Amino acid sequence: MTEPRNPGAAISVVVCVYTEDRWSDILAAVDSVRAQSRPALETLLVVDHRPALLDRLTREYKETPGVRVLANRGPRGLSAGRNTGIAASYGEIIAFLDDDAVAERDWLHWFADGYADPEVLAVGGRTEPIWASGRRPVWFPEEFDWVVGCAYKGLPRGRTAVRNVLGGNASFRRTAFDTVGGFATGIGRDGDKRPLGGEETELCIRLSRARPDAVLLLDDRAVIHHRVPPARERFAYFRTRTYAEGLSKALVARSVGAQRGLESERAYTSRVLPAGVARGLRDAALGRAGGARRAGAIVAGVAAATGGYVLGSLRARGGSAGSFTVAETGRDDDLGEAA
């Protein structure tokens, strides 16, 4: 491994948590950050309105240097939790790790390396699935691994400029938040409710609008491994998640415009997915297991996402789509101590 070109950049890592059901996963996530070859300045655990979990984590990490436990100071949901972490952090770079994922040892090394270029304002990495069953369900198309929060077939490989990074494995320069504010609340996950998303896409497009010279990178050497629980290996979740993604994209388009909000999605649906359907049908013709089912899942996923987008767009026009706001994320010294 080469030395990072930006060895002095201080990186804060934010892990948002919301349920004790993931206790062992949370501990593993923190352990993976503390084991980095390129040490983090600090790890911030932000607890989403769960007092019992907040108390338990506070006790667990009370004497652990570099780990702070905080309560989400905003409304319920992932966006507000991330904003709380940003406001409490001290790093020049803020990285985000899912609470049910573990980072490879050089994860932060590759993030830091990307910021050697001063025009780079965000660096994302590659997320690999850990299937609860031990293997990918035979019907589950790789083109839809974003359904379970992972990198999917169609993403560019290597290190390359992208429209947006993916939130569960991403980092931003602090100046990005100083420029455009934080993640929009009203978009994205809210505990156990419908699995919405899109908050990182909205933020990245907003950032590129404000800073046309900004570079956002995807570096697939910055790898994390993300657990996929049994419920998310089922077609019912696949259908629900793709529908929710359509709703989310309608909110993103409402915020930043359909041209930018759906730019990458048009290429994905016009090139990547038809190729996936053709591959599935070819596998079926060759007698390979699951080929026809993978092709069918792609078609069903597109239909569900389209339905969600249409309904979300109609709700937005009728004023019933809900509201979202962009929070300020300046340093909040009141958040400096553990909760």
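See the structure shown above.
**Some details on the packing of helix α1 (residues 23–34) against helix α2 (residues 51–60)**
Then comes step 1: Axis separation between α1 and α2 bottoms out at 13 Å; the angle between their running directions is 40 degrees. Taken together, the axes of α1 and α2 are oblique relative to one another. As for the relative orientation of α1 and α2, their crossing is right-handed in sense. Residue-level contacts link Trp23, Ile26 and Leu27 of α1 to Leu53, Arg56, Leu57 and Glu60 of α2.
Then comes step 2: Grouping the constituent residues of the contact of α1 with α2 by class yields five nonpolar, no polar and two charged.

**Let's talk about helix α9 (residues 263–285)**
Then comes step 1: With 23 residues, α9 extends 33 Å between its outermost C-alpha atoms, agreeing within 8% with the 33 Å of an ideal straight helix rising 1.5 Å per residue.
Then comes step 2: Thr269 marks the point of greatest bend in α9, at about 35 degrees.

**A short note on the packing of α9 against helix α10 (residues 291–317)**
Then comes step 1: In contact at an axis separation of 6 Å, α9 and α10 are set at 155 degrees when each is read in the N-to-C sense. Comparing the axis directions of α9 and α10 gives the class roughly antiparallel. Relative to α10, α9 is oriented so that their crossing is left-handed. Contact with α9, carried on its side by Leu273, Gly276, Val277, Gly280, Leu281, Asp283 and Ala284, involves Gly291, Ala292, Arg294, Ala295, Ile298, Val299 and Val302 of α10 and no other residues of that element.
Then comes step 2: Tallied by class, the residues present in the contact of α9 with α10 amount to nine nonpolar, three polar and two charged.

**Considering α2**
Then comes step 1: When α2 is considered as a whole, its buried residues turn out to be Leu53, Leu54 and Leu57. Summarising the axial view, the buried residues of α2 lie within an arc of 100 degrees, below the 170-degree limit, and thus occupy one face. Away from its buried face, by an angle of more than 90 degrees, α2 presents the exposed residues Pro51 and Arg59.
Then comes step 2: Tucked into the core, α2 has its buried residues touching β1 (11–17), α1, β2 (42–47) and β3 (67–71).

**Regarding the pairing of strand β8 (residues 169–173)**
Then comes step 1: Of all five residues making up β8, five are buried, and the element is well covered by its neighbours.
Then comes step 2: Here strand β4 (residues 93–97) pairs with β8 via five bridges, running antiparallel. Each bridged residue has a counterpart across the sheet, and for Ile93 the counterpart in β8 is Arg173.
Then comes step 3: Alignment of strand β6 (residues 120–131) against β8, held across three bridges, turns out to be antiparallel. Bridging across to β8, Ala122 finds its partner in Phe172.

**Some points on the packing of aromatic side chains**
Then comes step 1: By the definition in use, this model includes 16 aromatic pairs.
Then comes step 2: Measuring from centroid to centroid gives 5.6 Å for Phe140 and Phe238, while their planes differ by 85 degrees, and the two rings are edge-to-face. Remark: Phe238 occurs in helix α7 (residues 235–256) and Phe140 occurs in the loop between β6 and β7 (159–161); sequence separation between them is 98 residues.
Then comes step 3: The exposure class of Phe140 is buried, given its relative accessible area of 0%.
Then comes step 4: An aromatic cluster is present here, built from Trp131, Trp139, Phe140, Phe144, Trp146, Tyr152, Phe235, Phe238 and Tyr268 joined pairwise through their rings.
Then comes step 5: One residue, Arg56, lies across the ring of Trp23, its end atom 3.7 Å from the ring centre.
Then comes step 6: Here Arg221 stacks its cationic end above the ring of Trp110, 3.7 Å away from the centre of that ring.

**Some points on the pattern of salt bridges**
Then comes step 1: What the rule picks out here adds up to 23 salt bridges.
Then comes step 2: The shortest N-O distance in the salt bridge between Glu202 and Arg206 comes to 2.7 Å. Placement of the pair is Glu202 and Arg206 together in helix α6 (residues 199–210), with a separation of four residues, close to one helical turn. Residue Glu202 shares its accessibility class with Arg206, and that shared class is buried.
Then comes step 3: Across the pair Arg211 and Asp213 runs a salt bridge, and its minimum N-O distance is 3.0 Å.
Then comes step 4: Exposure remark for Asp213: the relative accessible area of 37% places this residue in the partly exposed category.
Then comes step 5: Three or more residues are tied together by salt bridges with common partners; here these are Arg163, Arg241, Glu245, Lys249 and Glu265.

**Observations regarding the environment of Asn169**
Then comes step 1: Position of Asn169 relative to the elements: it lies in strand β8.
Then comes step 2: Sequence separation between Asn169 and His226 is 57 residues; the distance between their C-alpha atoms is 9.7 Å.
Then comes step 3: Setting aside its immediate chain neighbours within four residues, Asn169 contacts Phe96, Trp107, Phe111, Gly124, Gly125, Arg126, Thr127, Ala222 and Ile224.
Then comes step 4: For Asn169, the side chain forms a polar contact with the main-chain oxygen of Arg126, separated by 3.1 Å.
Then comes step 5: One polar contact links the side chain of Asn169 to the main-chain carbonyl oxygen of Ala222, over a distance of 3.2 Å.

**A word on the pairing of β1**
The side chains of a regular strand alternate, residue by residue, between the two faces of the sheet.
Then comes step 1: The buried fraction of β1 is high, at seven of seven residues.
Then comes step 2: Burial along β1 is two-sided: the residues Ile11, Val13, Val15 and Val17 and Ser12, Val14 and Cys16 are all buried.
Then comes step 3: As judged from the six bridges shared by β1 and β2, these two strands associate in the parallel manner. Residue Val15 lies in a different strand from β2, and its bridge partner there is Leu45.

Rules used in this analysis
- Residues numbered from 1 in each chain as written.
- Predicted model: local features only at pLDDT ≥ 70, side-chain atom pairs only at ≥ 80, totals over all residues.
- Heavy atoms only, no water.
- Axes fitted to C-alpha atoms, helices over the stretch in contact; angles between N-to-C directions.
- Helix = DSSP H or I, 4+ residues; strand = E, 2+ residues; numbered from the N terminus.
- Parallel < 35°, antiparallel > 145°, perpendicular 65-115°, else oblique.
- Left-handed = near helix turned anticlockwise from the far one by under 90°.
- Contact = heavy atoms within 4.5 Å.
- Nonpolar A, V, L, I, M, F, W, Y, C, P; charged D, E, K, R; others polar.
- Expected span 1.5 Å × (residues − 1).
- Bend = angle between axes of the 7 residues up to and from the residue.
- Buried < 20%, exposed > 50% of the residue type's maximum accessible area, 1.4 Å probe, protein only.
- Arc of directions from axis to C-beta.
- Pairing = 2+ DSSP bridges.
- Phe/Tyr/Trp six-rings, centres within 6.5 Å; stacked < 30°, edge-to-face > 60°.
- Lys NZ or Arg CZ within 6 Å of the ring centre and 35° of its normal.
- Salt bridge = Lys/Arg side-chain N within 4 Å of Asp/Glu carboxyl O.
- Polar contact = N/O pair within 3.5 Å; in protein donor to acceptor, adjacent residues only side chain to side chain.

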